[in-house]
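An overview of the molecular structure
Chain by chain, the residues:
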Amino acid sequence: MNTQPVDADLWAGLPTLEEPPGEDDKAPDVWEDPIPLTGRRERPTFPAHVFPAWLGEFVAAVAEETQTPVDLAGSVALAVLATAAGGRSVVHVRGNWREPTNLYTVVALPPGNRKSAVFGLLTDPLYEAERQLKMAMQPVIVEAELTARLAKEAAEKAAAKAASADGDKRDEMVATAVGLAQTADTLTVPAEPVLLADDSTPETVTSLMAEQGGRLSVMSAEGGIFDIIAGRYSGAPNMEVFLKGHAGDRLRVNRQTRREYIDAPALTVGLSVQPDVLQDIGKVKGFKGRGLLGRFLYSLPASMVGYRKTVTDPIPEQTAATYKARVIDLTLSLAEWTDPAVIQLSREADAALIVYQDRVEPMLKARGGKLGHISDWAGKLAGATARMAALLHLAEHGGNGYAHPVTEETMRAAIELGEYYTAHALAVFDAMGADPVVSRARSVLDALRDNRWEDVSRRDVFTVLSRSEVPTVADLEPALALLEDHGYLRSYQPERTGKRGRPPAPRLLVHPCLRGSGR
């Protein structure tokens, strides 16, 4: 598996050793360099080869011309496919299990990585498709507006006549006016088609989705949407539409001015943010508890700044033209569907997904599971994989993908994407402090540095830590074991000083780098 180097700016702060170890009566003769707590997280390169040729070639070409990690173009490409298909197709997995085909993706890269340029190249066909949809709908909108206006005028005239009518004619004219008013009230003017929105407020997103038959995509090369959801400008968090818009759960909003009902919302979110933003959103109250963070597919590639070529190969014209045509065709072919197109899995594809689910399930254990500390995210992994399989299938077959079942090969490609996003999610949630063991281990490292201990008991370490973070000594043990596994500590058993009583409790030797004393 190809791995990328750990971004030094993101994971800075852990010490390194530069001098050979010295002799110490209590410490081992040789201390190896400690392994940073996040140093074992592998972050594979985005597997662009799983895309159909027309899409994989364009993603690779964009990465080459812009000198950006292929992860950025790859994740944005998935969001583009989800924009084209979301709200207009679903994938039937098995039984009553269906998944919508919208996705939430976010890529974290430092400034100067040309995120806006990549977004522009990938999303331009969507804006062209939106323009074409507006042009096609314009005559319908004009006719509907005229019909509605005439119906309203007719109802108003009938009401005026009924109000001035006398005797027997009055009841008949009132009934006619009521009928015309009811007819006018049923006439609606279709909304102008909108596929994409920028960093909109939750209220705007909800209204747009209601107007657009439940579908919308929020695509942005910045991370301002997280501030908006957190309520930084409104004073109160509002994430309901982003929670239900991912799952497809019925959304009902009652306001003083209007009521908005969306039976099957399908919201797609494609973002690129700075790495610090991911660390910050992990601290926002409610984001994790309500499950918002568990809905995103995270990508944390290494920046290419400092390693970029000055002269690059431009995107081949035919590659760009094919990409544009395929995205527009997929978007337009699905745009008219009211009941979503149902994508079926072949028996072999379902079998491959079942094997994957069986492999992931033990990892979700709260104690000892590799993904136990991010079970909210990992619990949605199988569904996300099915969604990606459907999107890859539609990318291959276009709008008539419903006529063919998803193949085993396509499902295995989606599983490879799932493994990619799992590796990156682990790195991202490490940065957010989602793993309490890692978080406590970092607090222990800070305490060891502050106190400059050379030899210390577990009780002494426990005493200087916050009870809110480490309630009991038992809660401390996994963190100490992790630090020992990473080479920061060595546990040893002191010799018994007397023949009676209990043997002394094990103690800890501290790596010299944490004492600032050399080795």
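Residues numbered from 1 in each chain as written. Predicted model: local features only at pLDDT ≥ 70, side-chain atom pairs only at ≥ 80, totals over all residues. Heavy atoms only, no water.

Within the chain, the secondary structure is distributed over 17 helices and 13 strands. Projecting the C-alpha coordinates of the chain onto the three principal axes gives extents of approximately 115 × 60 × 45 Å. For the chain, with 519 residues in total, the buried portion stands at 49%. Put simply, 75% of the contacts in the chain that link residues at least 6 apart link residues at least 24 apart. (Helix = DSSP H or I, 4+ residues; strand = E, 2+ residues; numbered from the N terminus. Buried < 20%, exposed > 50% of the residue type's maximum accessible area, 1.4 Å probe, protein only. Contact = heavy atoms within 4.5 Å.)

Quick look at the pairing of strand β1 (residues 89-94) now. For β1, the buried fraction is high: five of the six residues fall into the buried class. In terms of strand pairing, β1 meets strand β10 (residues 341-344) through four bridges, oriented parallel. Paired with S89 across the strands is A341, a residue of β10. Bridging between β1 and strand β2 (residues 97-100) involves four bridges; their strand directions are antiparallel. Bridge pairing in β2 links V90 to P100. What sits between β1 and β2 in their antiparallel hairpin is a turn of two residues, with G95 showing a positive phi close to 55 degrees. (Pairing = 2+ DSSP bridges.)

The nonpolar side chains of a soluble globular protein tend to be buried with one another. Ranked by size, the top nonpolar core spans 116 residues in total, and within it L122, F242, Y298 and W377 carry the most contacts. The dominant element in this core, judged by the number of residues it contributes, is helix α14 (residues 408-432), at 13 residues. The contacts of L122, once residues within four sequence positions are left out, are F58, V62, A73, V76, A77, V80 and Y323. Among the nonpolar cores identified, the runner-up in size contains 24 residues, and L445, L480, Y488 and L508 belong to it. (Core = buried A, V, L, I, M, F, W, Y, C linked by side-chain atoms within 4.5 Å.)

It is worth spelling out the sheet that holds strand β8 (residues 266-273) at this point. Strand order across the open sheet formed by five strands is β4-β5-β8-β3-β9, with parallel pairing between neighbours. Of all the strands in the sheet, the pair left with one neighbour each is β4 (196-197) and β9 (297-299). Sheet topology places strand β5 (residues 215-220) next to β8; six bridges connect them, and they run parallel. Residue S220 lies in a different strand from β8, and its bridge partner there is L271. Here helix α6 (residues 202-211) sits on the sheet in contact with β4, β5 and β8, set at roughly 140 degrees to β5. (Axes fitted to C-alpha atoms, helices over the stretch in contact; angles between N-to-C directions.)

The full count for this structure, using the stated rule, is 15 salt bridges. With a shortest N-O distance of 3.0 Å, R458 and E477 are connected by a salt bridge. Taken together, the residues R458 in helix α16 (residues 458-463) and E477 in helix α17 (residues 473-485) connect sequence positions 19 residues apart. Overlapping salt bridges bring together E130, K134 and E192 as one network. (Salt bridge = Lys/Arg side-chain N within 4 Å of Asp/Glu carboxyl O.)

Put simply, helix α11 (residues 347-360) and α14 touch, their axes get as near as 7 Å, and they point 25 degrees apart. Viewed along their axes, α11 and α14 adopt a mutual orientation that is roughly parallel. Two packed elements cross with a definite hand, and for α11 against α14 that hand is right-handed. Across from E348, A349, A352, L353, Y356 and R359 in α11, the residues of α14 making contact are E408, M411, R412, I415, G418, E419 and T422. Considering only residue class, the contact of α11 with α14 consists of six nonpolar, two polar and five charged. (Parallel < 35°, antiparallel > 145°, perpendicular 65-115°, else oblique. Left-handed = near helix turned anticlockwise from the far one by under 90°. Nonpolar A, V, L, I, M, F, W, Y, C, P; charged D, E, K, R; others polar.)

Attention shifts here to the sheet that holds β10. Strand order in this open sheet of three strands is β2-β1-β10, and the pairing throughout is mixed. A strand with exactly one partner marks an edge of an open sheet, and here the two such strands are β2 and β10. For this sheet, the mean inter-axis angle between neighbouring strands, taken without regard to orientation, is 30 degrees.

On average, residues of the chain score 87 in pLDDT, and 91% of them reach the 70 mark or higher. Across residues 1-28, where pLDDT falls below 50, the model places 63 contacts with residues more than four positions away in sequence or in other chains. (pLDDT = per-residue confidence, 0-100.)

Attention now goes to unusual backbone geometry. Working note: non-glycine residues mostly have negative phi, and peptide bonds are mostly trans. One non-glycine residue, Q67, lies in positive phi territory at about 55 degrees. Relative to the helices and strands, Q67 resides in the loop between α2 (53-66) and α3 (70-85). At R452, a residue that is not glycine, the phi angle is positive and equals roughly 55 degrees. Relative to the elements of secondary structure, R452 occurs in the loop between α15 (436-451) and β11 (455-457). A relative accessible area of 52% means that R452 is categorised as exposed.

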